[in-house]
Amino acid sequence: MYIVIAGGGEVGGELARTLEKAHEVVVIDRNPQAKERLAHLDVKVVVGGATDPDTLREAGVDRADLFIASTDSDEVNLLASLLAKGLGAKETLCFVGKGGYVEVLADPRTAEILGTRIDKVLWPQRAMAREIVEVILVPGAVDTEFLAGGRLRFVEYRVKEGGPYVHRLLVEEAWPEGVLVVGVVRDGAFLSFAHPDFPELVLEPGDKLLFVTTLRAFPELEACFATGRGVRRVMVLGGGNVGFMVAQELLRRRLEVVIIEPNRERCEWLSQELPGALVIQGDGTDLELLEAEGMQEADVVVAVTDNDEKNLLASLLAKQLGVGKVITRVSRSETRRLFEQVGIDLPLTPRQAAVRAVLDFLGPENVEHVSTMDENIELLEVELPGDFRPRPLKALAEPQVVPVALERDHRVMLYREDLSALPGDRLFLVAAREVADEAVARIAR
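Reading guide: rules and limits
Residues numbered from 1 in each chain as written. Predicted model: local features only at pLDDT ≥ 70, side-chain atom pairs only at ≥ 80, totals over all residues. Heavy atoms only, no water. Helix = DSSP H or I, 4+ residues; strand = E, 2+ residues; numbered from the N terminus. Buried < 20%, exposed > 50% of the residue type's maximum accessible area, 1.4 Å probe, protein only. Pairing = 2+ DSSP bridges. Axes fitted to C-alpha atoms, helices over the stretch in contact; angles between N-to-C directions. Contact = heavy atoms within 4.5 Å.

Novice: Explain unusual backbone geometry here, please?
Specialist: It is generally the case that most residues other than glycine have a negative phi and that most peptide bonds are trans. Even without being a glycine, Asp 187 presents a positive backbone phi close to 55°. Here Asp 187 is to be found in the loop between strand E9 (179–186) and strand E10 (189–192). Assessed through its relative accessible area of 76%, Asp 187 is described here as exposed.

The structure is reproduced here in structure tokens:
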């Protein structure tokens, strides 16, 4: 496909990196430095504004199979998408940061008024907020996701120094019935249960254990990693869109929420919209303020300002004050690994949700990218075609790709070596990101 991406920043750059191997990609960016920043990719970079018709023409938007608007401005994205559509782009994807735009553009009357329509409007901040809330509600976990309509749970725990599993042989550990050990993430690499080194794997501090579990077995698994009391008090640093949505959902769950936001007008708005929260105007990196407002008593701290450096500093302060779990928004991928190295429990970026949404839009209808863990592990759902050749799940397992469950006639079954996949089954896979698409094509044929 011929794909034009407006915006070569964090989201657009990641999309270009993901798509360049299988598609012809052109990136539009106003900053001339984008050419140097994206020079390692096989993409063409056009310097100019995404709302300039001449720039769009230079990028070849008239012959684009897909136009993706991923700049930092909602208004630029919306106008660029409409212009691209008018200039001949077959399909358009538009990223926005405000939910109001999603509601308006989903209304059929909007397309009638405009005379054209944006094919899909994406709101990655919403997906990020939901992910943060789910992780908060599972105290020991560093990531979690539901599968099969909520009947299975994918969960990730970190092996901690001094914990019960450090320096232990993984295959000798006994887990509750209804729990499947999917594999381990070590230094960013995924070692599945089908990896040849898995039987000899001794767990080390910093390793991440991946599980799929039934809902009935999940409380028992959670107890294996329990660290103390449940979550009662959450401090949110940054009252922007993500911080607001996280606080809103936590209040619905009857948790105590404190929000620290530097902008006075935003604080007033938050106080009106979230009457159950304690909203404080201040700097989330001010140690005296954080101590005065009881950060040390928080069970979880969520740092979601729009500044990586402030998020990192605030997160380090939270760890220094003994906060059990710290979740941090990260805009740059190179920063994410640094955050983990200094002890931040879960660095998250909205671009993970952005890439998943685009891959689902481009990919086959029978494949869904459910989630991305650690930025390089894909959780996939595949509906096996009618001509699929039945095979045992064991035969589908590879070192970096493993089937973890399947759904048949509304019944969900965890991986067993003697369980076979049949045409029409929904197969759930965990795969290293770099081999995920090829693996799905190979398995589903």
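Novice: Can you help me understand the sheet that holds strand E21 (residues 401–408) in this one?
Specialist: Paired through backbone hydrogen bonds, the strands of a sheet run either parallel or antiparallel to each other. If you walk across this open sheet you meet the five strands as E18-E19-E24-E21-E22, and the pairing is antiparallel. Only two strands of the sheet have a single partner each, and these edge strands are strand E18 (367–373) and strand E22 (411–414). Looking at each pair of strands side by side, their axes are set apart by 20° on average, direction ignored. Bridging between strand E19 (residues 377–383) and strand E24 (residues 426–432) involves seven bridges; their strand directions are antiparallel. Across the sheet, the residue bridging to Ile 377 is Ala 432, located in E24. Most of the contacts of helix H14 (residues 351–362) go to E18, to which it runs at about 165°, and overall it touches E18 and E19.

Novice: I would appreciate a short explanation of the sheet that holds strand E8 (residues 152–158) in the present structure.
Specialist: An order of E7-E8-E11-E9-E10 is seen for the five strands of this open sheet, with the pairing classed as antiparallel. Each edge of the open sheet is held by one strand with a lone partner, namely strand E7 (141–147) and E10. For this sheet, the mean angle separating the axes of adjacent strands, direction not counted, is 20°. On the sheet, helix H7 (residues 124–136) packs against E7 and E8 and is oriented at approximately 110° with respect to E7.

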